[in-house]
Amino acid sequence: LDDERKANARAAIVRACDEAASISIHVGRDADDLYQLNYLPRAAAAFAADEDAGDVDEPLPRDGCTAQAVVDDGRGFRVVKHDAEGHAIGAELKKQGRLID
(Lines give C-alpha, C1' and ligand atoms only; values in the text may rest on other atoms or scores of the structure.)
Protein backbone atom coordinates (compact mmCIF):
# COMPACT_ATOMS: atom_id res chain seq x y z
CA LEU A 1 0.00 0.00 0.00
CA ASP A 2 1.17 3.50 -0.70
CA ASP A 3 1.23 6.11 2.07
CA GLU A 4 -2.15 7.60 1.15
CA ARG A 5 -3.89 4.21 1.17
CA LYS A 6 -2.25 3.34 4.51
CA ALA A 7 -3.46 6.62 6.00
CA ASN A 8 -6.99 6.04 4.64
CA ALA A 9 -7.07 2.47 5.98
CA ARG A 10 -5.82 3.62 9.38
CA ALA A 11 -8.45 6.40 9.51
CA ALA A 12 -11.21 3.93 8.60
CA ILE A 13 -10.11 1.55 11.37
CA VAL A 14 -10.02 4.37 13.94
CA ARG A 15 -13.50 5.51 12.82
CA ALA A 16 -14.85 1.96 13.08
CA CYS A 17 -13.42 1.59 16.59
CA ASP A 18 -14.86 4.94 17.64
CA GLU A 19 -18.32 4.15 16.25
CA ALA A 20 -18.60 0.55 17.42
CA ALA A 21 -20.85 -0.11 20.39
CA SER A 22 -18.62 -3.00 21.41
CA ILE A 23 -15.19 -4.05 20.21
CA SER A 24 -12.46 -6.33 21.55
CA ILE A 25 -8.94 -6.30 20.20
CA HIS A 26 -6.71 -9.27 20.98
CA VAL A 27 -2.94 -8.95 20.71
CA GLY A 28 -0.02 -11.14 21.68
CA ARG A 29 3.63 -10.31 22.21
CA ASP A 30 4.32 -9.20 18.62
CA ALA A 31 5.93 -5.74 18.84
CA ASP A 32 4.39 -4.50 15.58
CA ASP A 33 0.89 -5.55 16.67
CA LEU A 34 1.32 -3.88 20.05
CA TYR A 35 2.63 -0.70 18.42
CA GLN A 36 -0.51 -0.49 16.25
CA LEU A 37 -2.54 0.13 19.42
CA ASN A 38 -0.95 3.61 19.52
CA TYR A 39 -3.04 4.53 16.48
CA LEU A 40 -6.31 3.90 18.33
CA PRO A 41 -7.25 6.82 20.57
CA ARG A 42 -9.65 4.68 22.62
CA ALA A 43 -6.88 2.17 23.35
CA ALA A 44 -4.45 4.89 24.37
CA ALA A 45 -7.09 6.52 26.60
CA ALA A 46 -8.04 3.21 28.25
CA PHE A 47 -4.42 2.41 29.09
CA ALA A 48 -3.77 5.95 30.32
CA ALA A 49 -6.79 5.73 32.65
CA ASP A 50 -5.74 2.38 34.17
CA GLU A 51 -2.66 2.90 36.35
CA ASP A 52 -2.06 -0.86 36.55
CA ALA A 53 -2.22 -1.45 32.80
CA GLY A 54 1.28 -0.36 31.80
CA ASP A 55 2.02 1.23 28.46
CA VAL A 56 -0.34 0.60 25.57
CA ASP A 57 2.42 -0.97 23.44
CA GLU A 58 4.09 -2.93 26.24
CA PRO A 59 3.76 -6.74 26.18
CA LEU A 60 2.57 -8.69 29.20
CA PRO A 61 5.19 -9.33 31.84
CA ARG A 62 6.84 -12.75 31.72
CA ASP A 63 6.01 -13.63 35.30
CA GLY A 64 4.93 -17.22 34.76
CA CYS A 65 1.35 -16.65 35.85
CA THR A 66 -0.16 -13.87 33.71
CA ALA A 67 -1.70 -15.53 30.64
CA GLN A 68 -3.74 -12.50 29.63
CA ALA A 69 -4.72 -9.04 30.78
CA VAL A 70 -7.75 -6.97 29.84
CA VAL A 71 -8.00 -3.19 29.69
CA ASP A 72 -11.51 -1.81 29.22
CA ASP A 73 -12.61 1.78 28.69
CA GLY A 74 -15.99 1.14 30.34
CA ARG A 75 -17.83 1.99 27.12
CA GLY A 76 -17.51 -1.29 25.22
CA PHE A 77 -13.92 -1.01 24.02
CA ARG A 78 -11.40 -3.47 25.36
CA VAL A 79 -7.92 -4.69 24.59
CA VAL A 80 -6.93 -8.20 25.60
CA LYS A 81 -3.19 -8.83 25.74
CA HIS A 82 -2.19 -12.48 25.59
CA ASP A 83 1.08 -14.15 26.50
CA ALA A 84 1.37 -15.54 22.98
CA GLU A 85 4.27 -15.24 20.57
CA GLY A 86 4.00 -14.02 17.02
CA HIS A 87 1.43 -12.28 14.92
CA ALA A 88 -1.01 -15.20 14.56
CA ILE A 89 -2.12 -15.35 18.18
CA GLY A 90 -5.09 -17.60 17.43
CA ALA A 91 -2.78 -20.41 16.34
CA GLU A 92 -0.53 -19.89 19.36
CA LEU A 93 -3.44 -19.86 21.83
CA LYS A 94 -4.81 -23.03 20.24
CA LYS A 95 -1.39 -24.67 20.58
CA GLN A 96 -1.38 -23.69 24.26
CA GLY A 97 -4.83 -25.24 24.70
CA ARG A 98 -6.43 -21.89 25.54
CA LEU A 99 -8.49 -21.57 22.33
CA ILE A 100 -11.16 -24.11 21.55
CA ASP A 101 -12.50 -24.83 18.04
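Rules behind the numbers
Residues numbered from 1 in each chain as written. Predicted model: local features only at pLDDT ≥ 70, side-chain atom pairs only at ≥ 80, totals over all residues. Heavy atoms only, no water. Buried < 20%, exposed > 50% of the residue type's maximum accessible area, 1.4 Å probe, protein only. Helix = DSSP H or I, 4+ residues; strand = E, 2+ residues; numbered from the N terminus. Arc of directions from axis to C-beta. Contact = heavy atoms within 4.5 Å. Pairing = 2+ DSSP bridges. Axes fitted to C-alpha atoms, helices over the stretch in contact; angles between N-to-C directions.

Peer 1: Quick question: what am I supposed to make of helix α3 (residues 41–49) here?
Peer 2: Every α-helix winds through 3.6 residues per turn, so residues three or four apart in the chain are directed the same way. Among all positions of α3, only R42, A43, A46 and F47 are buried. The buried residues of α3 all sit within an arc of 130° when viewed along its axis, so they share a single face. For α3, the exposed residues lying more than 90 degrees away from the buried face are A48 and A49. Where α3 is buried, its residues touch α1 (3–19), β2 (68–72) and β3 (77–82).

Peer 1: Honestly, the sheet that holds β3 in this entry has me stumped. Any pointers?
Peer 2: Two strands in a sheet stick together by hydrogen bonds in their backbones, pointing the same way (parallel) or opposite ways (antiparallel). The 3 strands are arranged β1-β3-β2 in an open sheet whose pairing can be described as mixed. Bordering the open sheet on either side are β1 (23–27) and β2, each of which pairs with just one other strand. Neighbour-to-neighbour, the strand axes of this sheet turn through a mean angle of 15°, independent of strand direction. Two elements, β1 and β3, share 5 bridges in a ladder whose sense is parallel. Counterpart to V27 in the pairing with β3 is K81. Sitting on the sheet, α3 touches β2 and β3, and the angle it makes with β3 is about 75°.

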